Amino acid sequence: LQQMERTLSCCQLKDMKRLQHGDMKLGPLRFTRRHTVLIDVDTFNSQRKFLPTKGRDLWHSDFVKMPCSQATNQKSKWDVISKKLKSLASKKTVSVKDVEEAIIKYNPKYKDQWSFDALHTFNKNIPDTENYFKTLFPKIAALALKLPDFVNKAIPLLRKGQSATITLSQVQISCLLANAFFCTFPHRNTSNPTAEYAGYPTINFNSLFGNWSERKREKLRAIMHYFKEVTDESTRPKGLVTFHRECLSYTDMPTWESCKENLSKLHITSEGQIELEGKGMLQVDFANSLIGGGVLGSGLLQEEILFLINPELIVARLFTEKLEDNECLIITGSQQFSSYSGFGDSFEWAGPYEDQSERDQWARRKTQILAIDAMNFRHSMDQYKRKHINRELNKAYCGFKGYDGHEKPDIATGKWGCGAFNGDPQLKALIQLMAAAKAKRGLAFFTFGDEYLKQSLQHIYELMFAEGITVGTLYKLLCEFSSAKHRDSDVDLFDFIKKNIRNSKSHL
Ligand code: AR6
């Protein structure tokens, strides 16, 4: 009987809805005031070609300041950069020393600050037979040099407070990342809080090249593999990727206590991972408000790993301002290039990954990644405060609700905010369930080996499902729990719900 009940409420992975793009016609690719497309839409729509759109460079605070800009000062800088890159690109083999020398040549201020020891050690430790880097460096330099041809329309910054979208080709992304590799982006190297890009993540790769550690080795293997694929004619990706910043307006924030929705369907598993088993669903990135977190440093948690196996995500750091409490970033169409195993210190690059995901009408891989940053609770008790519960609910809902008629597959998530950010997995699971119910989407919850959470969440979900609990009732229970927890910090959320669910229904 128990088994039967289980299959009645919790569902299986195969029942989860994945991206189709068949039922929903995207229509021709179009740019609008809020959607910048960096390729020529006419030739794309008529011949499916990926030609860069014509446009002009803008040295302006609303746009990415480009290394190849014709603005005074930068023009002469690009002369130096391009001369250096040309000299590297013309060689058959290039050493790490040459790469370092070139980067420092046009970033002389950082001569004593930037270290390249990780890149040196990495290169030395690879057996000669496997060492393709010496011949890869010239190709990356050649790719970086194409910037003025490949991207000639100004890239808007995805700034806080505004929903906006950028679509660009995978080749354009590779060219931007080749520039990041060679640390050519201007005004992006200072961490001074008053600096122009202080509210943005870093983009130049210098931090990846210093402070050798085994983590760095594995990161560099993943990054170099990406460049190997994108510089080879036979494996160069041919498609588009869309980056959308969504800003949830205050008027669109649900009044959680009066939400009448019932819980949506749930699949819970302690096996598998969001990025594999969740393919084709809205895959949650346990993000930092500075998108990509420590991917270019030494961080190696869920978000950094995601960015290493899908390096195109890294380009979001170029134009995405720090996310506010009511904002998220949704990336459609990025490609996975690498496989991996492990997590944190045990992370290993496990070789190439051949992404088989189909492409949609806009030539994007049928993948959607949702970056939402949980709050970082240094004091665990803080998370039970009502205003923080509200913040997390609205953050998740902002991402889960989808945008502008886009398809809404179910959501693949897990212990969002419960590792580095110290969240309570029970509370975070319920918050995500509520946001999913409000957005009318199912949830696949990957507990990442946590058997206890799997069992207890399944149990409490079945109970709430059987009682027909609504989002509003659950919200009120969370508020009551919040007070109970402040009286006695040992109270367990699921126990509290078990004890109070009947009462809550009758008096709420
Ligand atoms: N699939 C499912 N679950 C996973 C996976 C996976 N691939 N990887 C990890 N988990 P964490 P946070 C589980 O700490 O607390 C980054 O630096 C695993 O149990 O990455 O939101 C960001 O840039 C893990 O403990 O997320 C932020 O700065 C838990 O998910 C910060 O970490 C939480 O993963 C965000 O930290």
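Everything in this summary refers to the structure shown in the same document. (Residues numbered from 1 in each chain as written. Predicted model: local features only at pLDDT ≥ 70, side-chain atom pairs only at ≥ 80, totals over all residues. Heavy atoms only, no water.)

1. Here's the deal with the overall build of the protein
Note the following rule: Note on conventions: DSSP H or I runs of at least 4 residues are helices, E runs of at least 2 residues are strands, and numbering of each starts at the N terminus. The atom set for the radius of gyration is the C-alpha atoms, and the globule formula is 2.2 Å times the number of residues raised to the power 0.38. Only protein chains enter the accessibility calculation, which uses a 1.4 Å probe; a residue is then buried when its area is under 20% of its type maximum, exposed when over 50%, and partly exposed in between. Here a residue-residue contact requires only that any non-hydrogen atoms of the pair lie within 4.5 Å. Note on areas: Shrake-Rupley, 1.4 Å probe, and residue coverage restricted to the protein chains presented here. For the purpose of charge, His is not counted, nor are the chain termini; Lys and Arg are scored as positive and Asp and Glu as negative. Charge positions are represented by NZ for Lys, CZ for Arg, CG for Asp and CD for Glu.
Helix and strand counts for the protein come out as 18 helices and 11 strands. Taking 2.2 N^0.38 as the reference for a compact globule, 508 residues should give roughly 23 Å; the C-alpha atoms of the protein span a radius of gyration of 24 Å, in line with that estimate. Seen along its three principal axes, the alpha-carbon backbone of the protein occupies a region of about 75 × 50 × 45 Å. Every one of the 508 residues in the protein was classed for burial, and the buried ones make up 58%. For the protein, contacts bridging at least 24 residues in sequence account for 78% of all contacts bridging at least 6. Summed over its atoms, the accessible surface of the protein is roughly 21,500 Å², and 49% of this surface lies on carbon and sulfur atoms. Positive and negative side-chain charges of the protein, numbering 71 and 59 respectively, have mean locations separated by a distance of 5 Å.

2. A few points about the site of the ligand
Rule in force here: In these notes, residues near a molecule or strand are those with any non-hydrogen atom within 4 Å of it. Definition of a polar contact: a pair of N or O atoms within 3.5 Å, with one able to donate and the other able to accept a hydrogen when the atoms are protein atoms, and with sequence-neighbouring residues admitted only if both atoms are side-chain atoms. For this classification, Asp, Glu, Lys and Arg are treated as charged, while Ala, Val, Leu, Ile, Met, Phe, Trp, Tyr, Cys and Pro are nonpolar and the rest, including Gly, are polar.
Within the structure, the ligand sits among 20 residues, and N288, E303, E304, G417 and G419 are positioned closest to it. With respect to the ligand, the backbone of Q302 contributes an N or O atom lying 3.0 Å from an oxygen atom. Protein chains shield 93% of the accessible area of the ligand, which is 710 Å² for the free molecule. Secondary structure elements with two or more residues in the shell around the ligand: α11 (274-277), β5 (282-287) and α12 (302-309). Looking at the shell around the ligand, the element that brings in the most residues is α12, giving three residues. Residues that form the shell around the ligand fall into these classes: 10 nonpolar, six polar and four charged.

3. Some thoughts on the packing of helix α3 (residues 74-89) against helix α4 (residues 96-106)
Put simply, the test is: Whenever a helix is involved, its axis is fitted only over the stretch in contact; in every case the axis is a line through C-alpha atoms, and angles between N-to-C directions fall within 0 to 180 degrees. Angles are sorted into four bins: roughly parallel if under 35 degrees, roughly antiparallel if over 145, roughly perpendicular if 65 to 115, and oblique for all others.
Axis separation between α3 and α4 bottoms out at 9 Å; the angle between their running directions is 170°. The orientation of α3 relative to α4 falls into the category roughly antiparallel. Residue-level contacts link K77, V80, I81, K84, L85 and L88 of α3 to D98, E101, A102, K105 and Y106 of α4.

4. Observations concerning the side chain of K401
Locating K401 in the fold gives a position in the loop between α14 (386-400) and β10 (411-414). K401 sits in the buried class, given a relative accessible area of 19%. Excluding its chain neighbours within four sequence positions, the residues that come into contact with K401 are E246, L248, K408, A439 and R441.

5. Points about the nonpolar core
Buried together is how nonpolar side chains tend to be arranged in soluble globular proteins. Stated precisely, the cut-off is as follows: For our purposes a nonpolar core is just a set of buried Ala, Val, Leu, Ile, Met, Phe, Trp, Tyr and Cys residues, chained together by side-chain atoms within 4.5 Å.
The biggest cluster of nonpolar side chains holds 86 residues, and the ones touching the most others in it are L176, F181, F182, F205, F227, F243 and F319. For this core, the element with the highest residue contribution is helix α6 (residues 133-145), accounting for eight residues.

6. Focus on helix α16 (residues 451-467)
The cut-off we apply is this: For a helix, the expected span equals 1.5 Å multiplied by the number of residues minus one.
With 17 residues, α16 extends 24 Å from end C-alpha to end C-alpha; this agrees with the ideal 24 Å at 1.5 Å per step. Taken together, the buried positions of α16 are occupied by L453, S456, L457, Q458, I460, Y461, E462, M464 and E467. A side-chain oxygen of the first residue of α16 lies 3.3 Å from the backbone nitrogen of Y452; this N-cap is D450. Looking one or two residues beyond α16, the residue adopting positive phi is G468, at roughly 65°.

7. Details of the packing of aromatic side chains
Here the distance between the centres and the angle between the planes together describe a pair of aromatic rings. Filter applied, for reference: Classification of ring pairs uses Phe, Tyr and Trp, with its six-membered ring standing for Trp, and accepts pairs whose centres are within 6.5 Å; under 30 degrees between planes counts as stacked, over 60 as edge-to-face, and the remaining range as tilted. Here, a charge over a ring means that NZ of Lys or CZ of Arg falls within 6 Å of the ring centre while also lying within 35 degrees of the ring normal.
One pass over the structure, following the stated rule, counts 20 aromatic pairs. When the ring of F137 is compared with that of F181, the centres are 6.1 Å apart and the planes differ by 35°; the resulting orientation is tilted. Taken together, the residues span a long stretch of sequence, with F137 in helix α6 and F181 in helix α8 (residues 170-181) at a distance of 44 residues. Judged by centre distance (6.3 Å) and plane angle (70°), the ring pair of F181 and F205 falls under edge-to-face. Of this pair, F181 sits in helix α8 while F205 sits in the loop between α8 and α9 (206-209), and the two are 24 residues apart along the sequence. Through pairs of rings, three or more aromatic residues link up here, namely F116, F137, F181, F182, F205, F209, Y226, F227 and F337. Sitting over the face of the ring of Y197, R188 holds its NZ or CZ atom 4.3 Å from the ring centroid. A cation over a ring is seen here: K428 above W416, with NZ or CZ 5.4 Å from the ring centre.

8. A closer look at the environment of H120
Its location among the elements puts H120 in helix α5 (residues 117-125). Residues H120 and F377, 257 residues apart in the sequence, show an inter-C-alpha distance of 38 Å. Sequence-distant contacts of H120, defined by excluding residues within four places in its chain, comprise V96, K97 and E100. A distance of 2.9 Å separates polar atoms of two side chains, one belonging to H120 and the other to E100.

9. Points about the pairing of strand β11 (residues 443-446)
Worth spelling out the cut-off: Only strands joined by at least two bridges in the DSSP assignment are considered to pair. A right-handed crossover is one whose linking path, passing over the helix from the first strand to the second, runs clockwise when the strands point away from the viewer.
By the alternation rule, side chains of β11 split into L443 and F445 and A444 and F446, which are all buried. The pairing of strand β4 (residues 266-269) with β11 spans four bridges and is parallel. Among the inter-strand pairings, T269 is bridged to a residue of β11, identified as F446. Looking at chain direction, β10 and β11 are connected through four bridges and run parallel. If you follow T413 over to β11, its bridge partner there is F445. A crossover connection joins β10 to the parallel β11 through helix α15 (residues 425-438); in handedness this β-α-β unit is right-handed.

10. Some points on the pattern of salt bridges
Put simply, the rule reads: By definition here, a salt bridge exists when the distance from a side-chain nitrogen of Lys or Arg to a carboxyl oxygen of Asp or Glu is within 4 Å.
Applying the stated criterion across every chain, the model contains 28 salt bridges. A salt bridge links E101 to K84; the shortest N-O distance between them is 3.3 Å. With E101 in helix α4 and K84 in helix α3, the pair connects residues that are 17 residues apart, well separated along the chain. Classification of E101 by relative accessible area gives partly exposed; the value is 43%. The salt bridge partner of K428 is E392, with a shortest N-O separation of 2.8 Å. Here K428 is found in helix α15, whereas its partner E392 is found in helix α14, with 36 residues between them in sequence. For E392, a relative accessible area of 1% gives the class buried. When salt bridges with common partners are traced through the structure, they connect D325, D373, R391, E392, K395 and K428 into a single cluster.

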